[in-house]
Amino acid sequence: MIDLKVLRASPQQVRAALARRGDPTVTRMLDELEALDMRRRALTGQLDQLKADRNEAARMDAAQVKAEGGLPAATTAKRREFGKQIADLEAKLKSVEDELELKLLYVPNVPLPDVPDGDASHNKVVRTRGEPAPKGGKPHWEIGESLGVLDLARGAKVSGSGFPVFVGPGAKLVRGLINFMLDLHTREHGYVEVEPPFVVKRETMQGTGQVPKFEDDAYKTAPDDLFLVPTAEVPLTNLHRDEIMDGGKLPLGYAAYTPCFRREAGAAGRDTRGLLRVHQFDKVELVRFARPADSPAEQERMTAHAEAVLQRLELAYRVVLLAAGDLGFASAKTYDLEVWAPGVGQWLEVSSSSSFTDFQARRANIRYRPSAGAKPELVHTLNASGVALPRTIAALIETRQQPDGSVTIPAALVPYLGMERLVPPSAGGT
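An account of the accompanying structure is given in this report. Predicted, not measured: the structure shown is a model, and the values here were computed from it.

Scanning the chain from N- to C-terminus turns up 12 helices and 17 strands. Rg of the C-alpha trace for the chain: 28 Å, well past the compact-globule value of 22 Å for 430 residues, more than 25% over. For the chain, the spread of C-alpha atoms along the three principal axes comes to 110 × 45 × 40 Å. Taking the contacts inside the chain whose residues are at least 6 apart along the sequence as the reference set, 74% of them involve residues at least 24 apart. As displayed, the chain has an accessible area near 20300 Å², and 51% of this comes from carbon and sulfur atoms. If you average the places of the 56 positive and of the 57 negative side-chain charges in the chain, the two averages end up 2 Å apart.

Core analysis: the largest hydrophobic core is formed by 45 residues, its most contacted members being Leu 177, Met 181, Leu 310, Val 339 and Leu 413. Excluding residues that lie within four positions of it along the chain, Leu 310 makes contacts with Leu 315, Tyr 317, Leu 337, Val 339, Val 350 and Val 387. Ala 17, Leu 33, Leu 89 and Leu 93 belong to the second-largest nonpolar core, a separate cluster that totals 21 residues.

This part covers the packing of helix H6 (residues 169-187) against helix H9 (residues 295-312). Axis separation between H6 and H9 bottoms out at 11 Å; the angle between their running directions is 130°. When the axis of H6 is compared with that of H9, the two are oblique. Here H6 runs over H9; the crossing is right-handed. Across the interface between the two elements, Phe 180, Met 181, Leu 184 and His 185 from H6 touch His 305, Ala 308, Val 309 and Arg 312 from H9.

Strand order in the open sheet formed by 8 strands is S1-S10-S11-S12-S15-S9-S8-S4, and the pairing between neighbours is mixed. Two strands bound the open sheet, and with one partner strand each, they are strand S1 (124-129) and strand S4 (192-194). The mean angle between the axes of side-by-side strands here comes to 25°, regardless of whether they run parallel or antiparallel. Direction of pairing for strand S12 (residues 346-355) relative to strand S15 (residues 380-388): antiparallel, over a ladder of 3 bridges. Residue pairing for S15: Ser 353 is matched across the bridge by Ala 384. Along the sheet face, H6 touches S4, strand S8 (252-261), strand S9 (280-290) and S15 and points at about 10° away from the line of S9.

Let us now look at the sheet that holds strand S7 (residues 243-246). Spatially, S7-S13-S14 is the arrangement adopted by the 3 strands of the open sheet, whose pairing is mixed. In this open sheet, the two strands that pair with only one neighbour each are S7 and strand S14 (377-378). Judged from the 4 bridges that link them, S7 and strand S13 (residues 366-369) form a sheet pairing that is parallel. The residue bridging Ile 244 from the neighbouring strand is Arg 367, located in S13.

With respect to the helices and strands, the residue Asp 224 is situated in the loop between helix H7 (202-208) and strand S6 (227-228). Expressed as a C-alpha distance, the spacing of Asp 224 and Val 414, which sit 190 residues apart in the sequence, is 43 Å. For Asp 224, the side chain forms a polar contact with the side chain of Thr 221, separated by 2.6 Å.

The next subject is unusual backbone geometry. Cis rather than trans, the peptide bond between Val 211 and Pro 212 has omega equal to 10°. Position of Pro 212 among the secondary structure elements: in the loop between H7 and S6. Of the consecutive residues Leu 250 and Pro 251, the connecting peptide bond is found in the cis state with omega at 0°. A positive phi angle, close to 60°, is found at Glu 314, a residue other than glycine.

With that settled, the discussion passes to the environment of Gly 345. Here Gly 345 lies in the loop between strand S11 (333-341) and S12. When neighbours within four sequence positions are excluded, Gly 345 is seen to be in contact with Lys 135 and Trp 340.

With respect to the helices, strands and loops of the structure, Gln 210 is situated in the loop between H7 and S6. Using a relative accessible area of 15% as the deciding quantity, one classes Gln 210 as buried. In terms of polar contacts, Gln 210 uses its side chain to reach the side chain of Thr 208, at 2.4 Å. Leaving out residues up to four positions away in the same chain, Gln 210 has contacts with Met 205, Glu 215, Pro 230, Thr 231, Glu 233 and Val 234.

Reading the values: rules and limits
Residues numbered from 1 in each chain as written. Predicted model: local features only at pLDDT ≥ 70, side-chain atom pairs only at ≥ 80, totals over all residues. Heavy atoms only, no water. Helix = DSSP H or I, 4+ residues; strand = E, 2+ residues; numbered from the N terminus. Rg over C-alpha atoms; globule rule 2.2 N^0.38 Å. Contact = heavy atoms within 4.5 Å. Areas by Shrake-Rupley, 256 points an atom, 1.4 Å probe, with all protein chains shown as cover. Lys, Arg positive; Asp, Glu negative; His and termini not counted. Charge placed at Lys NZ, Arg CZ, Asp CG, Glu CD. Core = buried A, V, L, I, M, F, W, Y, C linked by side-chain atoms within 4.5 Å. Buried < 20%, exposed > 50% of the residue type's maximum accessible area, 1.4 Å probe, protein only. Axes fitted to C-alpha atoms, helices over the stretch in contact; angles between N-to-C directions. Parallel < 35°, antiparallel > 145°, perpendicular 65-115°, else oblique. Left-handed = near helix turned anticlockwise from the far one by under 90°. Pairing = 2+ DSSP bridges. Polar contact = N/O pair within 3.5 Å; in protein donor to acceptor, adjacent residues only side chain to side chain.

Structure (structure tokens):
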């Protein structure tokens, strides 16, 4: 059972740290948790005392039986009452423990000290690379349609809005991007490639923090209660659920491609044009396991790995350190990588590089042994998109559109596509 140790500090310290997120519901949640924990402790004390009384009575009963050959009926009745009281208290304690365990799953991670306070308006641009193209030009959905590589209307006809269809060279662009990124991360950055399942169990989603809090954002199946992965982070992190990892093999990195499925139930009213917000998209994900002392450096290294993709794609981008009030539920520190898309005139997030410290490891029971014979400790988990495709493609075609309507292909992608540009169907191509 999860207990209050999941909070990792005194209630006062936790309150102060979580207050930085600016969410008033967290304070109420902590009040409820403390009240439940006090109730649990009281019931545990009563139950322990009652069991001690029963054991003492059993000792006295044994002596009486030995001396007198039996027990009076009244004594036997009292002993049955002991059993009933113990059973009632155990049922009450289990109910409190179950409620406590459930509520603990809604407590977010504690922001790291170097995370800025405040809401999204306090996010900090750490660095910018490349010269953003002047705002203007056609948006990617118009470019994609004119090139015959993106068919949003037929995607909506088949599955509903938010399910884009890439056609011909567009589909080849998707496949080329995936292969390019997997090759980069495995050959140059040292990640182990994994082909994980695309559906996962409830406890797998719970281990990384997607459920129960964000269950309404997930696609799931019935009656088997399996979830379509919202990101490869979920299966990759849970590969080591309930395991003790070899500390000598840390840090360990995995890379995987998966389609990602998100209902985005809480995103009503946000920009949904083109590829900006979709329900199914392709992504290459990076997951790292590290010793706690190494985890800050590992996050910087992993962020650089994601940046390398954008550098090879010749996209202008910036790295943004999120403020505490803009952090994801499970994250203790996050860098967003945003690419500039001149057609829509926006910086588009294509990767979040996050340190979860030991938050996910506590939920999924992932530990490591620092050395032979040493006591196991909680590992730190980290992940980054390396990178997500829809907005990357949007930025690519908006940035690289030419006056004749064609779109040039970055040199790093040419070997994967076998072409140097995307051209309108009537113009032919090379």
